[in-house]
Amino acid sequence: QLGLVMMGIDRLGRNQLDQPIAVVSKDEVGTVAVALNAAMTSLRESREKLQREIAERERAESGIRELARRQTTLVEEERKRIARDLHDELGQALTGVQFGLRSLEGACASDQTELRSKCRELAKLVESMGSSVDMIASDLRPATLDHFGLVLAVQSYLKELADHGFPLRTGFQAIGLKRRLPPAIELTCYRILQEALNNIAK
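Moving on, we come to the overall build of the protein chain. If you tally the helices and strands in the protein chain, you get 6 helices and 0 strands. When the helices and strands of the protein chain are read in sequence order from the N terminus, they spell out α-α-α-α-α-α. By the compact-globule yardstick of 17 Å for 202 residues, the protein chain is too spread out, its C-alpha radius of gyration being 35 Å. Counting the 202 residues in the protein chain, one finds 23% classified as buried.

Okay, here's the thing in structure tokens:
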């Protein structure tokens, strides 16, 4: 029996918990063998329970990641739709108003200086509104990112910031990006940069 107990201790040390030892005596050594088997069974059950909990947690975390990914995709699709509507509909409407005011200015008689001045002033205001709409649309979803990739999108974004009075001078250098990254990675990188610069501006 003692040899079997030593074998059980060796199995325990090697984490072979599914191989109980035979109990062939009812003396003190046999009692030790029974206790050793009980300990191995308890450890095996605890290990299996822990493995189940880990697997369940991994499934839950995977579900959360998938849900977050789907939510991000939906948000970005909505941002893209709103940006397109702003650019295509509101942007075109403002451009039409601006052309109309320029035409009205040109149609005014030469002695209607006040009216001509007002038309010119309103045309500049509409032009400024158009630039703001373009900036908002670009913030929502930059068309350059979808069409030309991360590098050009970042360059364009930094230029827009400078044109709109960003309080700090920025520089940008891209090294080793000879081909486009996957769209999700490009978008994530762009959003990180955008959020960082917005925080700096604030």
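After that view, the rundown keeps rolling.
Between side chains of opposite charge, pairing is possible as soon as their charged atoms come close. The tally for this structure, following the rule as stated, stands at 11 salt bridges. Across the pair Glu78 and Arg81 runs a salt bridge whose closest N-O atoms are separated by 2.6 Å. Remark: Arg81 and Glu78 occur in helix H2 (residues 28–107); sequence separation between them is 3 residues, near one turn of the helix. According to the relative accessible area criterion, Glu78 is partly exposed, its value standing at 36%. Linked by salt bridges that have partners in common, Glu76, Arg141, Asp146 and Arg191 make up one network.

On to the state of the cysteines. Within this structure, the stated rule accounts for 0 disulfides. Its sulfur unpaired, Cys119 is 4.7 Å from the next cysteine sulfur, which belongs to Cys108.

Taken together, Leu122, Leu125 and Met129 make up a surface patch of nonpolar side chains, about 260 Å² in accessible area. Looking at the element boundaries, Leu122 is found in helix H3 (residues 113–140). Looking at Leu122, the relative accessible area reads 35%, which means it is partly exposed.

Assignment of secondary structure puts Ala162 in helix H5 (residues 150–163). Spatially, the C-alpha atoms of Ala162 and Ala123 are 23 Å apart, while their sequence positions differ by 39 residues.

A few words on helix H6 (residues 183–201). With 19 residues, H6 extends 27 Å between its outermost C-alpha atoms, agreeing within 8% with the 27 Å of an ideal straight helix rising 1.5 Å per residue. Packed against the buried residues of H6 are H2, H3, helix H4 (143–148) and H5.

With that settled, the discussion passes to the packing of H5 against H6. Helix-helix packing is characterised by the crossing angle of the two axes and by the distance between the axes. Two elements in contact, H5 and H6, have axes separated by 10 Å at closest approach and are oriented at 20°. It follows that H5 is roughly parallel to H6 by the angle criterion. The crossing of H5 and H6 is right-handed. Touching Leu150, Ala153, Val154, Tyr157, Leu158 and Leu161 of H5 are Glu186, Cys189, Tyr190, Leu193, Gln194, Leu197 and Asn198, all from H6.

Here the focus is the side chain of Arg191. Here Arg191 is to be found in helix H6. When its relative accessible area of 16% is taken as the criterion, Arg191 is described as buried. Excluding residues within four positions of it along the chain, Arg191 makes contact with Glu76, Arg79, Asp139, Leu140, Arg141 and Pro142.

The next thing to look at is the confidence of the model for the protein chain. When pLDDT is averaged across the protein chain, the result is 84; 95% of the residues are at 70 or more. Per-element mean pLDDT across the protein chain ranges from 68 in helix H1 (residues 2–13) up to 89 in H6.

Basis of the calculations
- Residues numbered from 1 in each chain as written.
- Predicted model: local features only at pLDDT ≥ 70, side-chain atom pairs only at ≥ 80, totals over all residues.
- Heavy atoms only, no water.
- Helix = DSSP H or I, 4+ residues; strand = E, 2+ residues; numbered from the N terminus.
- Rg over C-alpha atoms; globule rule 2.2 N^0.38 Å.
- Buried < 20%, exposed > 50% of the residue type's maximum accessible area, 1.4 Å probe, protein only.
- Salt bridge = Lys/Arg side-chain N within 4 Å of Asp/Glu carboxyl O.
- Disulfide = S-S within 2.5 Å.
- Patch = residues over 30% accessible without salt bridge, like charges linked within 9 Å, V, L, I, M, F, W, Y side chains within 5 Å.
- Areas by Shrake-Rupley, 256 points an atom, 1.4 Å probe, with all protein chains shown as cover.
- Expected span 1.5 Å × (residues − 1).
- Contact = heavy atoms within 4.5 Å.
- Axes fitted to C-alpha atoms, helices over the stretch in contact; angles between N-to-C directions.
- Parallel < 35°, antiparallel > 145°, perpendicular 65-115°, else oblique.
- Left-handed = near helix turned anticlockwise from the far one by under 90°.
- pLDDT = per-residue confidence, 0-100.

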